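Close look at the chain arrangement
Listed here are the chains, written in short residue letters.
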Amino acid sequence: MGIIAWIIIGLLAGAIAKAIVPGKQGGGIVSTLLLGVVGGIVGGLIGGAISGEGLTGFTLWSLLLAVAGSVLVLFAWEFLTKRMGAGHHLGRRRTV
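Residues numbered from 1 in each chain as written. Predicted model: local features only at pLDDT ≥ 70, side-chain atom pairs only at ≥ 80, totals over all residues. Heavy atoms only, no water.

Once that is clear, we can look at the overall build of the protein chain. Within the protein chain one finds 3 helices and 2 strands. The buried share of the protein chain, taken over its 96 residues, is 28%. Counting only contacts in the protein chain whose residues sit at least 6 apart along the sequence, the fraction spanning at least 24 positions is 59%. Counting every atom, the protein chain has about 6300 Å² of accessible surface; 73% of that belongs to carbon and sulfur. (Helix = DSSP H or I, 4+ residues; strand = E, 2+ residues; numbered from the N terminus. Buried < 20%, exposed > 50% of the residue type's maximum accessible area, 1.4 Å probe, protein only. Contact = heavy atoms within 4.5 Å. Areas by Shrake-Rupley, 256 points an atom, 1.4 Å probe, with all protein chains shown as cover.)

Structural data, given as structure tokens:
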């Protein structure tokens, strides 16, 4: 898949994932693009493991995998940032 297809699918997948996941994710076009590309990698790996077919180009299947991966990445990011922001730092509790 070419770089232009990665950019287009990344932007679409990142924007759709931000619309699906509740909350305010913030960030601009670059963070949305990075979210979509990382989500595409995650979704492609999972799709390849399950069905034997990962990201195959600019198709609906590739977009669905990228959106699913982006949603997973967003949930993981929120889990990690909330956990660390709630008094946890690398698994240890802060004492006040």
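Before going further, it helps to spend a moment on the packing of helix H1 (residues 3-20) against helix H2 (residues 29-51). H2 packs onto H1 with a crossing angle of 100° between their chain directions and a minimal axis gap of 7 Å. The orientation of H1 with respect to H2, classified from their angle, is roughly perpendicular. Contacts between H1 and H2 involve Trp6, Ile7, Gly10, Leu11, Ala13, Gly14, Ala15, Ala17 and Lys18 on the former and, on the latter, Ile29, Ser31, Thr32, Leu33, Leu35, Gly36, Val37, Gly40 and Ile41. Grouping the constituent residues of the contact of H1 with H2 by class yields 11 nonpolar, 6 polar and 1 charged. (Axes fitted to C-alpha atoms, helices over the stretch in contact; angles between N-to-C directions. Parallel < 35°, antiparallel > 145°, perpendicular 65-115°, else oblique. Nonpolar A, V, L, I, M, F, W, Y, C, P; charged D, E, K, R; others polar.)

On to a nonpolar patch on the surface. A contiguous nonpolar patch, built from Ile3, Ile4, Ile7, Ile8, Leu12, Ile16, Ile20 and Phe58 and spanning about 750 Å² of accessible area, is present on the exposed surface. Its place among the elements puts Ile7 in helix H1. For Ile7, a relative accessible area of 34% gives the class partly exposed. (Patch = residues over 30% accessible without salt bridge, like charges linked within 9 Å, V, L, I, M, F, W, Y side chains within 5 Å. Salt bridge = Lys/Arg side-chain N within 4 Å of Asp/Glu carboxyl O.)

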